[in-house]
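If you want the building blocks of each chain, they are given just below.
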Amino acid sequence: MTALLDVQAVTLRYKTATSLITATEGVSFKVNQSDRFVLLGPSGCGKSTLLKAVGGYLRPEAGEIRIKERTVRKPGADRMMVFQEFDQLLPWKTVLENVTFPLLKARRMSRREAEQRARSYIDKVRLTEFANSYPHTLSGGMKQRVAIARGMAMEPDILLMDEPFAALDALTRRRMQDELLQLWEDTRFTVLFVTHSIAEAIRIGNRILLLSPHPGRVKAEVVDVDCAAVEEGASARLERQIHDLLFEEEGHRE
Amino acid sequence: MNAIKQATIQMRAETVAGDTDQVLERKLGWGELLWSNTTLRKTVLILILAAAWELYARHLDNPLTFPTLSDTLASLLDNIRSGILVDRAWTSLKILVTGYVAGVALAFTVTVLAINTRIGTDFLETMTAMFNPLPAIALLPLALIWFGLGNISLAFVLIHSVLWVVALNTHAGFLSVSQTLRMVGRNYGLSGLRYVAFILIPAAFPSILTGLKIGWAFAWRTLIAAELIFGVSSGKGGLGWFIFENRNVLDIPAVFAGLLSVIIIGLVVENVIFRTLERRTVRRWGMQG
């Protein structure tokens, strides 16, 4: 079986005003259908840059990114992004229009069909009564739920989430993580999720790719993360193991 | 001694009893409500100013230099009834709208072309830096030589008065669109003109609207000034010509009536058209205070 997303020895570099920075070097991984694949690492490991490359915003210097056998060359609606920033919704459109808009423009659906689908996904994220509200009247958590509904309504090959809950308060973040898992139970979409929180990675993912910083390289892959959630105390143990692995170079080795 | 302490939850009674002795919400009194109404406060101000005008002019008693408000209003009504003022205002507005629309369209074309290339951006920035400080009316003598007496000359200076300020604001607006929104737009597969129309223009709308408002004010002033200089074209004068003409026959109340019309039209466009546009767009979208 071929993987849905195949990232092959990808090296990414980007320019700042003064220098050329290597974000990742020779990173490879494969994401299968219905995976909840998490890219985890400290800041500077190039995880967000990697996600942007999968999104098509950045061309790899070396290596190749393929989705369903097609090489990724530019952004497209087959890979819907959910960003961290609250301003990712179009402020001049209501919640319903925000979800409908890409269906009309990128999927070329009829307005009735698009609205019907948009409404069903707005229901899924429990924002039914806010369908006609403008984004600036919503809380941060609600905005992120709209962005998730917008991404899911497009029924993309893969949903790319760039620390979508990082700007939320701790209580809301916990609830959003549970909701995302609930949504996944319902539709089994494929998601590539970037985070710097080990706990979040364990909660969200079924596979976790650990990246080391400067430049970003693959350190390890954690599989069958789901099992840790079942056993009492297992996720705490896994969290400690991952933490030790990620930060072992920083001098506190036994 | 070694008893293990445990976290416990102790319920408190305060929230259980429903009544509070404080007032949670109090309706404002009539006086407070009226005074918080901006329109009402401004109307009161205008009425006071009008009364001051009337009293001072009566005290001065010299209709040749400073007519009373009542004379001015009477002249205004007369000229509206006879159709002259309406005709003149209509002539002014027609040429104004022509020049304004052409200027805005040109500004959009230039800006959209400019944002796609770095050299285009440089060109736009240089041109706006050069021409924005140049008062459009200063080009009128040249326009008269190039295009002769007539609407084309007027349209030329009007376009000049609108183009640069609208282009400048639109360009600044495009540049300030957040990186996230740009990425969202490209995620939808939008590019080229569709990207500009569906993402950049609405996202930059607050600055575009500011540009349109300033452009309108520039155009209106420029037009009246231009009409004062060369007056009639093809036998039909505008409001500026109306003012000029009546000064020549020393009908000073009519001059004041003309000035008042210029102010009123300016206020109506600003407060009705632009205010409505603002309320329906940037305010509703929460993109501006």
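Just so we're clear, the structure is a prediction, and the values are computed from it rather than from any experiment. (Residues numbered from 1 in each chain as written. Chains lettered and ligands numbered in written order. Predicted model: local features only at pLDDT ≥ 70, side-chain atom pairs only at ≥ 80, totals over all residues.)

Draft legend 1. Here's a closer look at the overall build of chain A. When you go through chain A residue by residue, the secondary structure sums to eight helices and 10 strands. A compact globule built from 254 residues should have a C-alpha radius of gyration of about 18 Å, and chain A, at 18 Å, falls within 12% of that. If you line up chain A on its principal axes, its C-alpha atoms span 60 × 45 × 40 Å. Scored against the burial criterion, the 254 residues of chain A give a buried share of 42%. Long-range pairs, those at least 24 residues apart, make up 69% of the contacts in chain A with a sequence separation of at least 6. (Helix = DSSP H or I, 4+ residues; strand = E, 2+ residues; numbered from the N terminus. Rg over C-alpha atoms; globule rule 2.2 N^0.38 Å. Buried ≥ 20, exposed ≤ 12 C-beta atoms within 10 Å, placed from the backbone. Contact = placed C-beta atoms within 7 Å.)

Draft legend 2. Inspection of the overall build of chain B at higher detail. A tally of regular secondary structure across chain B gives 12 helices and zero strands. The linear arrangement of helices and strands in chain B, starting from the amino end, is α-α-α-α-α-α-α-α-α-α-α-α. Over its C-alpha atoms chain B spans a radius of gyration of 28 Å, topping by over 25% the 19 Å that the globule rule assigns to 289 residues. Dimensions along the principal axes, computed over C-alpha positions, put chain B at roughly 110 × 60 × 30 Å. Counting across all 289 residues of chain B, residues that qualify as buried make up 33%.

Draft legend 3. Representation of unusual backbone geometry within the structure. Residues and elements named next belong to chain A. Following His214, the chain continues into Pro215 via a peptide bond in cis, with omega recorded as -10°. The phi torsion at Ala9 lies on the positive side, around 45°, for a residue other than glycine. Structurally, Ala9 is set in strand β1 (residues 5-15). What makes Ala9 exposed here is the crowd of 12 C-beta atoms within 10 Å. Looking at His214, the number of C-beta atoms within 10 Å reads 13, which means it is partly exposed.

Draft legend 4. Quick peek at the interface of chain B and chain A. Across the contact, 16 residues belong to chain B and 18 residues belong to chain A. When contributions to the side of chain B that touches chain A are tallied by element, the ones reaching two or more residues are α8 (179-187) and α9 (192-203) of chain B.

Draft legend 5. How the structure looks around the pairing of strand β8 (residues 191-195) of chain A. All names here are of chain A. Of all five residues that make up β8, five are buried, and the element is covered over most of its length. Neither face of β8 is exposed, since Val191, Phe193 and Thr195 on one face and Leu192 and Val194 on the opposite face are all buried. With four bridges joining them, strand β7 (residues 158-162) and β8 adopt parallel strand pairing. Looking at β8, one finds that Asp162 is bridged to Val194. Between the parallel elements β7 and β8, the chain passes through helix α5 (residues 170-187) in a crossover that is right-handed. (Pairing = 2+ DSSP bridges. Right-handed = clockwise from strand over helix to strand, strands pointing away.)

Draft legend 6. How the structure looks around the domain arrangement of chain A. Residue and element names in this part refer to chain A. Split by domain assignment, chain A resolves into domain 1 (1-78 + 158-254) and domain 2 (87-155). If you average the C-alpha positions of domain 1 and of domain 2, the two centres end up 25 Å apart. Between domain 1 and domain 2, the contact holds 10 residues from the first and 10 residues from the second. Of the residues forming the side of domain 1 that touches domain 2, the biggest block, three residues, is contributed by α5. (Domains from an automatic or database assignment.)

Draft legend 7. Structural view of the sheet that holds strand β2 (residues 20-31) of chain A. All names here are of chain A. Spatially, β2-β1-β4-β5 is the arrangement adopted by the four strands of the open sheet, whose pairing is antiparallel. Strands with a single pairing partner mark the edges of an open sheet, and in this sheet they are β2 and β5 (70-71). Judged from the two bridges that link them, strand β4 (residues 62-67) and β5 form a sheet pairing that is antiparallel. Residue pairing in the sheet places Arg66 in a bridge with Thr71 of β5. Across the sheet, helix α1 (residues 47-55) is in contact with β1, β2 and β4; its angle to β1 comes to roughly 115°. (Axes fitted to C-alpha atoms, helices over the stretch in contact; angles between N-to-C directions.)

Draft legend 8. Main features of the packing of helix α3 (residues 111-124) of chain A against helix α4 (residues 140-153) of chain A. All names here are of chain A. At a closest axis distance of 9 Å, the pairing of α3 and α4 adopts a crossing angle of 135°. By the angle between their axes, α3 is oblique relative to α4. Crossing handedness for the pair α3 and α4: right-handed. Between α3, through Arg117, Ala118, Tyr121, Ile122 and Lys124, and α4, the contact on the second element is made entirely by Ala149, Met152 and Ala153. Grouping the constituent residues of the contact of α3 with α4 by class yields six nonpolar, no polar and two charged. (Parallel < 35°, antiparallel > 145°, perpendicular 65-115°, else oblique. Left-handed = near helix turned anticlockwise from the far one by under 90°. Nonpolar A, V, L, I, M, F, W, Y, C, P; charged D, E, K, R; others polar.)

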